[in-house]
Each structure stands twice: as C-alpha cells, then as structure tokens.
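Listed below, chain by chain, are the residues.
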Amino acid sequence: DELSTLDPDEVLLPAFLNADGVENVSGDYYINDLEPPAFRCVPELGKLKEELQKVKGFKHVMMSGSGTSIFCLGEADDLEKFQKDFGAREDLQVFFTEFINRGEGEWFQRPN
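The residue numbering used here restarts from 1 in each chain and proceeds along that chain's sequence as written. Only residues with pLDDT of at least 70 get local features here, since the model is predicted, and only at 80 or more are side-chain atom pairs given and counted; chain-wide, interface and lining totals rely on the full set of residues. Each side-chain value is derived from all of the structure's non-hydrogen atoms; neither hydrogens nor water enter the calculation.

**Details of the pattern of salt bridges**
Then step 1. For this analysis, a salt bridge means a side-chain nitrogen from Lys or Arg found within 4 Å of a carboxyl oxygen belonging to Asp or Glu. Considering all chains together, one arrives at five salt bridges under this definition.
Then step 2. For Lys 49, the salt bridge is made with Glu 35, and the minimal N-O distance between the two is 2.7 Å. You can see Lys 49 sitting in helix H3 (residues 43-53) and its partner Glu 35 sitting in helix H2 (residues 35-41), a full 14 residues away along the chain. An identical accessibility class is assigned to Lys 49 and Glu 35; each is buried.
Then step 3. Ionic pairing is found between Arg 89 and Glu 51, a salt bridge with its closest N-O pair at 2.7 Å. You can see Arg 89 sitting in the segment after helix H4 (79-87) and its partner Glu 51 sitting in helix H3, a full 38 residues away along the chain.
Then step 4. Exposure classes here rest on a 1.4 Å probe applied to the protein chains alone. A residue is buried below 20% of its type maximum, exposed above 50%, and partly exposed in between. On the basis of relative accessible area, Arg 89 is assigned to the partly exposed category, the value being 25%.
Then step 5. Three or more residues joined by partner-sharing salt bridges are found here, namely Lys 47, Glu 51, Arg 89 and Asp 91. In this description a helix means any DSSP run of H or I spanning at least four residues, a strand means any run of E spanning at least two, and both kinds are numbered starting from the N terminus.

**Considering H3**
Then step 1. For H3, the full list of buried residues reads Gly 46, Leu 48, Lys 49 and Leu 52. End-on, the buried residues of H3 take up no more than an arc of 160 degrees, which puts them together on one face. Of the residues in H3, the exposed ones pointing more than 90 degrees away from the buried face are Glu 44 and Lys 47.
Then step 2. The contact definition used throughout considers only heavy atoms, calling two residues in contact when any of these lie within 4.5 Å. Considering only its buried residues, H3 is in contact with H2, strand E1 (58-64), strand E2 (69-74) and H4. Of all possible arcs, the one meant is that of the directions from the helix axis to the C-beta atoms.

Take a look at the structure:
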C-alpha cells in the first residue's frame, strides 16, 4: 500500500518529456517506492533528505534506486555555505555533476 499508483508509461514519461527540463517537472512525479522502507531501516537517510530539501536552490531531492545515494536537482544558492554544511561532513561525500546535452542525432565527441 506504499507503492505509487502512477503508470510510468501513461503519466510519468509524458510529464518528463513535455517539461522544459527535468528540474521543472512537478515534485509529485519524482517517485521512489523504496524511500519509505529505506528511511525506516536507516533513519539517517530520511534526515539527510530533509536537510537537503531545506537548501535553497535545490528543486528536487530524492534517493536513487535502493539507496546508494541521495541526489539533488538544481544548484545551492549559497554554494559556499552548502560546502561548509555538507562537504565537510565525515559521513557524506558530495559530488557535483551536470547533465550532458546533445543535439538530436548527435552522439558523444571527445573534446579537442
């Protein structure tokens, strides 16, 4: 009874394909059915998600897969404070990434 009832093909896929960027998709569509049981087993994960949701600039925060990581979409408004608050913690590793954009029909090309 904790599983999402949204159909991935009929609801989720169109929501993401029709949005102007993944960061603009409603938070209602960022679903991981494994979050509730994972947070019950390891409450620190749920606490971390709550802390990250309070960071101004992150549009979405969620656990990936079965809990190997928690990721944020967006960029912290105060990057220096974010690094101080999260980057220096002994129990975390922070990695900054970005989406790779390419034109239709293009594929990866090594930089010159």
